[in-house]
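# Observations on the model geometry
The lines below spell out each chain.
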Amino acid sequence: MGNGIQSVRGMDDLFGEKARLWFFVESKMRQVFSAYGYDEIRTPLVEYETLFKRGVGETSDIVQKEMYSFLESDAEGAAKVVLRPEGTAPVVRALVEHKSYQQLPVKWFYVGPMYRKERPQKGRYRQFHQYGFEVFGEKGAGLDAETLLLVQTLLESCGLNTFEIQLNTLGDLEDRLRYKTALLDYFSKHESSLSPLSQSRMHKNPLRIFDSKDEGDQSICNSAPLLKDYIGPEAKAHWEKTLQGCQELGIRYKLNHKLVRGLDYYCRTVFEVTDTSGKLGAQNALGGGGRYDGLVSELGGPEMPAIGFAGGFERLLLSLPESIIEKQSAENRFDLGIIDPGENEHRLAAQIVKHLRSKQLKVDWDPEAGKSFKNLIKRADRMKVKKSLILGSQEIESGLLKVKDMGSGQETNVTLAKPLNQISIEELSQEICKIL
Ligand code: AMP
């Protein structure tokens, strides 16, 4: 460690190979979001604490113990602000604040950092990134199915094939209240056998006992009443249509009647995506989402249906198959490196490089003139360029284009009609592209 200052625990730097992979995944997602008609929204990293107290729920772990909070200013009575721990509440806040709901539906996506005071471990960080989306103003079950299709498409577009979508319905608020009463009744009978954490959750929100990792709690949960038996007719019809839509759209899902999601605001369709590659260990949740029809009005807007999803960027990267990582790494290599010892060659090379780069070719070039041939070849190896363009004085005089494949060592020569220094840069670049 030495005496140097390190990054804050659980907050990582992003660079090199991982940054390139990140860019690849994010660009794929942006393409998919665009095709599905979503616009980007960027909200501030800092919001008032009350937003999350109301938007996420006072009993959630996030609000109870995971937020980084500080005062908005030094002024007396300044409000408490927090680093955002999640994306949905800020997006709803923005929707209400700007009255963006005047033209519905609103379809927004976001990508950005979130902050939670958690114990860092593999797949769990204090600064992590989420990609997510929210749709406001559509209550039909068709959207629930399309939402799941979007999640499946987002993951597949990045090359991920080891994931499972688990699906459940929470019914409507009244259904859940009836269910909560039944649950409370059931858990009260087993109170003394529950873990202390579940005992404390029992009266605040008995649904959360299902989240417990304790084995004793789990076996009690196995015989608990199931929410699906308390769903009213409207929510039931919505659920059946959602499943039908999923079938029609080719969504691969698994029913999980115990899935409740940690946050209070969900209703009807809820889902979670888990990694099945085994690469993530205990932290195998790739993302989750669902309907939250009551949240917009809870945060001061009109009654409005809404649905959304949020996934973890770091975990997605960790679960990508090796083949995708290798393919990306190969595609990210330089198309061409320039071997141009000598002043004249260097001047010509400068023009060629500028032109090729303007055509979106990835070109490595040492902008400092006067490097030896040997040095430049070494650089080409170090930079892992795919091919090298050899521009020596002999080549320039004879009008010879020489390109060396750095992997196989094979050289391709093309004799130009005119000496290299008499041909236009456009023509020359075209000739180079032909032998790349
Ligand atoms: P949540 O908002 O808790 O439902 O989280 C949605 C997704 O974000 C999770 O499924 C994870 O993939 C990711 N995630 C949540 N918390 C963390 C964290 N502390 N570190 C890394 N990823 C996280």
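Residues numbered from 1 in each chain as written. Predicted model: local features only at pLDDT ≥ 70, side-chain atom pairs only at ≥ 80, totals over all residues. Heavy atoms only, no water.

## With respect to the overall build of the protein chain
Here is the rule we go by: Secondary structure elements follow DSSP: runs of H or I no shorter than four residues count as helices, runs of E no shorter than two count as strands, and numbering proceeds from the N terminus. Only the C-alpha atoms count toward the radius of gyration. The rule for a globule is 2.2 Å times the residue count to the power 0.38. Whether two residues are in contact is decided by their heavy atoms: any pair within 4.5 Å suffices. We get accessible surface area from the Shrake-Rupley algorithm with a probe of 1.4 Å; when it comes to residues, only the shown protein chains can shield them. Under the convention used here, Asp and Glu are negative, Lys and Arg are positive, and both His and the chain ends fall outside the count. Taken as the charge centre is NZ of Lys, CZ of Arg, CG of Asp or CD of Glu, depending on the residue.
Of the regular secondary structure elements, the protein chain holds 16 helices and 16 strands. Computed over the C-alpha atoms, the radius of gyration of the protein chain is 28 Å, more than 25% above the 22 Å expected from 2.2 N^0.38 for a compact globule of 436 residues. Counting contacts in the protein chain only where the partners sit at least 6 residues apart, residues at least 24 apart contribute 69% of the total. Element-wise, carbon and sulfur atoms account for 49% of the exposed surface of the protein chain, whose accessible area totals about 21800 Å². Put simply, the protein chain has 59 plus and 61 minus side-chain charges, and the middle of one group is 3 Å from the middle of the other.

## Quick notes on the sheet that holds strand 14 (residues 387-390)
Threshold: Note: two strands are recorded as paired if DSSP finds a minimum of 2 bridges between them. Axis lines are fitted to C-alpha atoms, over the contacting stretch for helices. Their N-to-C directions set the angle, which ranges from 0 to 180 degrees.
What the five strands build is an open sheet, ordered 13-12-14-15-16; its pairing is mixed. In this open sheet, the two edge strands, each paired with only one partner strand, are strand 13 (363-364) and strand 16 (411-415). Sheet topology note: the strand 15 (residues 400-405)/strand 16 ladder contains five bridges and is antiparallel. If you follow Lys402 over to strand 16, its bridge partner there is Asn413. Docked against the sheet, helix 14 (residues 373-382) engages strand 12 (336-339), strand 13 and strand 14, running at close to 170 degrees with respect to strand 12.

## Overview of the sheet that holds strand 3 (residues 69-71)
The three strands lie next to each other as 2-4-3, forming an open sheet whose pairing is antiparallel. Two strands lie at the open edges of the sheet, namely strand 2 (46-48) and strand 3, each paired on one side alone. If you compare each strand with its neighbour and ignore which way they point, the axes differ by 40 degrees on average. Sheet analysis places strand 2 next to strand 4 (residues 80-83), joined by three bridges and oriented antiparallel. Bridge pairing in strand 4 places Tyr48 opposite Val81.

## Side note on the site of the ligand
Where we set the bar: Nearness here has a simple test: a residue counts as near a molecule or strand if at least one of its heavy atoms is within 4 Å of that partner. Whenever a nitrogen or oxygen atom comes within 3.5 Å of another N or O atom, the pair is scored as a polar contact, on the condition that within protein one atom can donate a hydrogen and the other can accept it, and that pairs from neighbouring residues in sequence are kept only if both atoms are in side chains.
Within the structure, the ligand sits among 14 residues, and Arg116, Glu118, Tyr125, Arg261 and Ala285 are positioned closest to it. Arg116 places a side-chain nitrogen or oxygen 2.9 Å from an oxygen atom of the ligand. One nitrogen or oxygen atom from the main chain of Leu286 is found 3.2 Å from an oxygen atom belonging to the ligand. When isolated, the ligand has an accessible area of 480 Å², and the protein chains bury 88% of it. Counting only elements with at least two residues in the shell around the ligand, the list comes to strand 6 (127-136), strand 10 (285-291) and strand 11 (306-312).

## A word on unusual backbone geometry
The condition that has to hold: Residue exposure (1.4 Å probe, protein chains only): buried if accessible area is under 20% of the type maximum, exposed if over 50%, otherwise partly exposed.
Geometrically, the link from Leu104 to Pro105 is a cis peptide bond, its omega value of 0 degrees lying close to zero. Turning to its location among the elements, Pro105 is positioned in the loop between helix 4 (88-97) and strand 5 (106-115). The backbone of Arg268 sits at a positive phi, close to 50 degrees, despite the residue not being glycine. Positionally, Arg268 belongs in strand 9 (residues 267-275). Taking relative accessible area as the criterion, Arg268 reaches 12% and is therefore assigned buried. One non-glycine residue, Gln360, lies in positive phi territory at about 70 degrees. As for its placement among the helices and strands, Gln360 is situated in the loop between helix 13 (343-358) and strand 13.

## Quick notes on the side chain of Glu66
Here is the rule we go by: The term salt bridge refers to a pairing of a side-chain nitrogen on Lys or Arg with a carboxyl oxygen on Asp or Glu at a separation within 4 Å.
Examined against the element boundaries, Glu66 turns out to sit in helix 3 (residues 61-66). Buried and unpaired, Glu66 has Arg116 as its nearest opposite-charge partner, separated by 4.6 Å. In this structure Glu66 touches Asp61, Tyr115, Arg116, Lys117 and Glu118, once residues within four positions along its chain are discounted.

## Some remarks on the side chain of Asp175
As for its position among the elements, Asp175 is in helix 6 (residues 173-189). Within the structure, Asp175 has its side chain in polar contact with the backbone nitrogen of Asp172 (distance 2.9 Å). If near-sequence neighbours (up to four positions away) are discounted, Asp175 is found in contact with Tyr230, Ile231, Gly232 and Ala235.

## A word on the pattern of salt bridges
What the rule picks out here adds up to 27 salt bridges. The salt bridge involving Lys371 is made with Asp366; its shortest N-O contact spans 2.7 Å. Of the residues examined, Asp366 reaches a relative accessible area of 9% and is grouped as buried. Between Arg379 and Asp366 there is a salt bridge; the shortest N-O distance is 3.7 Å. Here Arg379, found in helix 14, pairs with Asp366, found in the loop between strand 13 and helix 14; they are 13 residues apart in sequence, far enough to count as distant. This pair shows no difference in class: Arg379 is buried, exactly as Asp366 is. One salt-bridge network, held together by shared partners, links Glu26, Arg30, Glu40 and Arg42.

## Observations concerning helix 6
What counts is decided by this rule: Given the number of residues in a helix, its expected span is that number minus one, multiplied by 1.5 Å. The reported arc concerns the directions from the helix axis to the C-beta atoms and nothing else.
Taking 1.5 Å per residue, 17 residues should reach 24 Å; helix 6 reaches 24 Å between its end C-alpha atoms and fits that length. The set of residues buried in helix 6 consists of Asp175, Arg176, Tyr179, Ala182, Leu183, Tyr186 and Phe187. Projected down its long axis, helix 6 shows its buried positions confined to an angular sector of 130 degrees, all on one face. Every exposed residue of helix 6 that faces more than 90 degrees away from the buried side is listed here: Leu173, Glu174 and Thr181. Buried residues in helix 6 make contact with helix 7 (196-204), helix 8 (215-222), helix 9 (233-249) and strand 9.

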